[in-house]
Amino acid sequence: MSVIGPSCSLSSETSPGCGCGAQTEPRVEPGGGKAAGTAVATAVVAAACTACCVLPFTLPAVVLASVGSLIAVLDHAHGLMTKLSIAVVVCAWVWIVCRSRTRGLKIRSSVLAAMCAATVLTATAALWPVMGPAVFHTLGVAKKPKPPAG
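Cut-off values and rules
Residue numbers run consecutively from 1 along every chain, following the written order of its sequence. Local features in a predicted model are, by the rule used here, given only for residues with pLDDT of at least 70; side-chain atom pairs are given and counted only at 80 or more, and totals for whole chains, interfaces and linings are based on all residues. Hydrogens and waters are ignored; side-chain quantities use all the structure's heavy atoms. In this analysis an axis means a line fitted to C-alpha atoms, helices contributing only their contacting stretch, and an angle means the value between N-to-C directions, from 0 to 180 degrees. Each helix is a run of H or I in the DSSP string that is no shorter than four residues. Each strand is a run of E no shorter than two, and both are numbered from the N terminus. Working definition: roughly parallel below 35 degrees, roughly antiparallel above 145 degrees, roughly perpendicular at 65 to 115 degrees, and oblique for all remaining angles. In this scheme, a crossing is called left-handed if the near helix is turned counterclockwise away from the far one by less than a right angle; it is called right-handed if the turn is clockwise. The contact definition used throughout considers only heavy atoms, calling two residues in contact when any of these lie within 4.5 Å. We call Asp, Glu, Lys and Arg charged. Ala, Val, Leu, Ile, Met, Phe, Trp, Tyr, Cys and Pro are nonpolar, and the rest, Gly among them, are polar. Aromatic rings from Phe, Tyr and Trp, taking only the six-membered ring of Trp, are treated as a pair when their centres fall within 6.5 Å; an angle between ring planes under 30 degrees marks them as stacked, one over 60 as edge-to-face, and anything in between as tilted. Take the number of residues in a helix, subtract one, and multiply by 1.5 Å to get its expected span. Remark: exposure states derive from per-residue accessible area (1.4 Å probe, protein chains only) relative to the maximum for the residue type, with buried under 20%, exposed over 50%, and partly exposed in between.

Draft legend 1. Geometry of the packing of helix α2 (residues 78–103) against helix α3 (residues 109–139). Where α2 contacts α3, the two axes come as close as 10 Å, and the packing angle between them is 150 degrees. Taken together, the axes of α2 and α3 lie roughly antiparallel to each other. Crossing of α2 over α3 shows left-handed handedness. Residue-level inspection shows His78, Thr82, Ser85, Ile86, Val89, Ala92, Trp93 and Ile96 of α2 in contact with α3, the latter providing Val111, Leu112, Met115, Cys116, Ala118, Thr119, Thr122, Ala125, Ala126 and Pro129. Looking at the contact of α2 with α3 residue by residue, the class counts come to 13 nonpolar, five polar and no charged.

Draft legend 2. Region of interest: the packing of aromatic side chains. Inspection of the entire model under this criterion finds one aromatic pair. Arranged with centres 5.9 Å apart and planes meeting at 85 degrees, the rings of Trp128 and Phe136 form a pair that is edge-to-face.

Draft legend 3. Structural view of α3. The end-to-end C-alpha distance of α3 is 35 Å, clearly below the 45 Å that 31 residues give at a rise of 1.5 Å each. Buried residues of α3: Met115, Thr122 and Gly132, and no others. One or two positions beyond α3, positive phi appears at Gly140, with a value near 80 degrees.

Encoded structure:
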């Protein structure tokens, strides 16, 4: 008696052989590839719709919140940055004058122009708490005080 039985025969040139041997490739269901493709396409379309429809609503809010917090941080840093700027400009003037005297060289006009601009901008920043209300009032953008309720 044969273990394989009469239904199974070896392959030859005319017959393909039996179907009872171990298969080397996994069986794929006919609709499996289409289902996977549909799932991927659905995910891509969902991501595109999210970027197209939701992003225009959320992006401005995120940007404004970030910029607003950055402005608040910079507003609190105004005093420290102004003092640092004054120190840098004074040190730069001292360094330029000392180098020109020790080397006997004339200070270039471009250096003088840059340092004068830095001095004017630093002085404006330092005096802004005093000048600001007058400038805003002159431009007509100052807040008008509310009359007292009576």
